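Here are the chains, one letter per residue:
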Amino acid sequence: MPPTSDRFGLGCWSFGGGYWLDQDRQDSIRTIHAALRAGIRHFDTAQSYGNGSSEQITGQQLRRFSPTITRRDLTLATKILLPPSPAQLKPLVELSLRRLCTDYLDILYVHWPDSAKNHRPYFSELQRLLETGLVRALGVSNFTPELLTEVLSYAPINYCQMPVSLLWPRSLARLGQICRDHTIAIIAYSPLGMGLLSGKYPKAEAFKPQDRRRTLFPFQERYASRYHQLLQVLEREAEMLKTTASAVALAWAASQGVSLVLLGARSRPQLEEDLRATELTLPDSTMQKLQEVSQALDALIPDSEDNPFFHRW
Ligand SMILES: NC(=O)c1ccc[n+]([C@@H]2O[C@H](COP(=O)([O-])OP(=O)(O)OC[C@H]3O[C@@H](n4cnc5c(N)ncnc54)[C@H](OP(=O)(O)O)[C@@H]3O)[C@@H](O)[C@H]2O)c1
């Protein structure tokens, strides 16, 4: 098995604040430093995370380490939303480069597809950006199998970022084979279901009133009892293995044949706990029980839903 540092990356969404309430700047900085010290070299951000502030803080902190960790050692990935015209892609990339304090991106993702747009001219322009050297590889995120197949005929796609968790197994089930067929690396996001699988949030009321996670689907009446069942099994298996529910959920995500799991830690203690979990191997009996409760929850979700935000794009 490759070392932890090759199997996990740091997700930098929360460092932008916004969706993530009360994110402390010093906590973000300490988390980035702790990740680097632990050997993590893959950093994942997006233009929309805190309106550029996640890119900014990530870039600034990585630059502070530049005497010891060179740019070549790092994988910097960011994401853009499709702008009104393809010609606007290059200026957007240049904006990300400035914020990330670098002169190239290792991975540029299209963050979400856009049903109101023809993707062909956008991906043709993205291919031109590859030729400029500003971008080393292209990825897509939150794409359906049909859309991924479509854009593969417009440009080379090397990365596919998707939710991979017990809360949301369907993206991997739907996209896994096509990624393997086209040698596309699968990058797993939200392995803890945005924190829900830690068990801290059995009910929406457990969140602060302004926390937007309280609107996530498991808190709807239709899903609540299957969600609780999943949390109970996680707790029971964690107890049996003398670990935490978060560790079990992370170990499950890491065992799904993905290229890399993005850790969403918001603080150094969370990162340290997440990293300890990376050493955990789940026994077959645990895997089977988790699979059953995860599938039972998934079975309630209409086929038409293709992302855990129930976002219509
Ligand atoms: N492409 C996309 O559309 C997309 C979407 C989502 C995420 N992503 C990427 O994937 C990364 C990871 O996703 P995510 O942030 O949703 O990850 P996640 O691991 O599913 O959830 C992260 C949240 O879980 C809680 N947590 C983390 N470690 C914990 C621990 N040891 N114990 C208890 N709670 C813990 C924290 O929230 P609290 O402390 O608040 O509970 C944390 O913010 C993001 O940063 C982003 O880079 C991409």
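The rules behind these values
Residues numbered from 1 in each chain as written. Predicted model: local features only at pLDDT ≥ 70, side-chain atom pairs only at ≥ 80, totals over all residues. Heavy atoms only, no water. Salt bridge = Lys/Arg side-chain N within 4 Å of Asp/Glu carboxyl O. Helix = DSSP H or I, 4+ residues; strand = E, 2+ residues; numbered from the N terminus. Buried < 20%, exposed > 50% of the residue type's maximum accessible area, 1.4 Å probe, protein only. Near = heavy atom within 4 Å. Polar contact = N/O pair within 3.5 Å; in protein donor to acceptor, adjacent residues only side chain to side chain. Areas by Shrake-Rupley, 256 points an atom, 1.4 Å probe, with all protein chains shown as cover. Contact = heavy atoms within 4.5 Å. 1 Å grid on protein atoms, 1.4 Å probe; cavity = no way out; pocket = protein on both sides within 12 Å on 5 of 7 lines; lining within 4 Å. Points joined across faces, edges and corners; volume = space filled by probe spheres on them. Pairing = 2+ DSSP bridges. Axes fitted to C-alpha atoms, helices over the stretch in contact; angles between N-to-C directions.

What to know about the pattern of salt bridges
Consideration 1: Here the structure, examined in full by the defined rule, presents 12 salt bridges.
Consideration 2: Here Lys 289 makes a salt bridge to Glu 237, at a shortest N to O gap of 3.3 Å. With Lys 289 in helix α11 (residues 284-300) and Glu 237 in helix α8 (residues 221-240), this pair connects stretches of sequence that are 52 residues apart.
Consideration 3: Judged by relative accessible area, Glu 237 falls into the buried class, the value being 5%.

Overview of the site of the ligand
Consideration 1: Around the ligand, 29 residues are found, and the nearest of them are Asp 44, Ser 141, Ser 190, Tyr 201 and Arg 213.
Consideration 2: Within the side chain of Gln 161, one N or O atom sits 3.1 Å away from a nitrogen atom of the ligand.
Consideration 3: Gly 193 is positioned such that a nitrogen or oxygen atom in its backbone is 3.2 Å from an oxygen atom of the ligand.
Consideration 4: For the ligand, whose free accessible area comes to 900 Å², the fraction covered by protein is 95%.
Consideration 5: A total of three residues in the shell around the ligand trace back to one element, the largest contributor, which is helix α10 (residues 268-277).

Remarks on the side chain of Asp 106
Consideration 1: Inspection of the secondary structure puts Asp 106 in the loop between α4 (89-99) and β4 (107-110).
Consideration 2: In this structure the side chain of Asp 106 is engaged in a polar contact, spanning 2.8 Å, whose partner is the side chain of Arg 71.
Consideration 3: Apart from residues no more than four positions distant in its own chain, Asp 106 is found in contact with Arg 71, Leu 74, Thr 75, Leu 76, Arg 136 and Ala 137.

Looking at empty space enclosed by the protein
Consideration 1: Applying the stated criterion across every chain yields a total of one cavity of 30 Å³ or more.
Consideration 2: Along the walls of the largest cavity sit Pro 163, Ser 165, Leu 167, Trp 168, Ser 190, Gly 193, Met 194 and Pro 308, which together make up its complete lining.

Digging into the sheet that holds strand β7 (residues 185-189)
Strands belonging to one sheet form pairs held by backbone hydrogen bonds; the direction of such a pair is parallel or antiparallel.
Consideration 1: Taken in spatial order, the eight strands line up as β1-β2-β3-β4-β5-β6-β7-β8 and close into a barrel, and their pairing is parallel. For this sheet, the mean inter-axis angle between neighbouring strands, taken without regard to orientation, is 25°.
Consideration 2: Note: β7 against strand β8 (residues 260-263), two bridges, orientation parallel. Considered in β8, the bridge of Ala 188 is made with Val 261.
Consideration 3: Strand contacts of helix α5 (residues 119-132): β4 and β5 (138-141), with the helix running at about 145° to β5, the strand carrying the most contacts.

Don't take any of this as a statement about function, it's just geometry.
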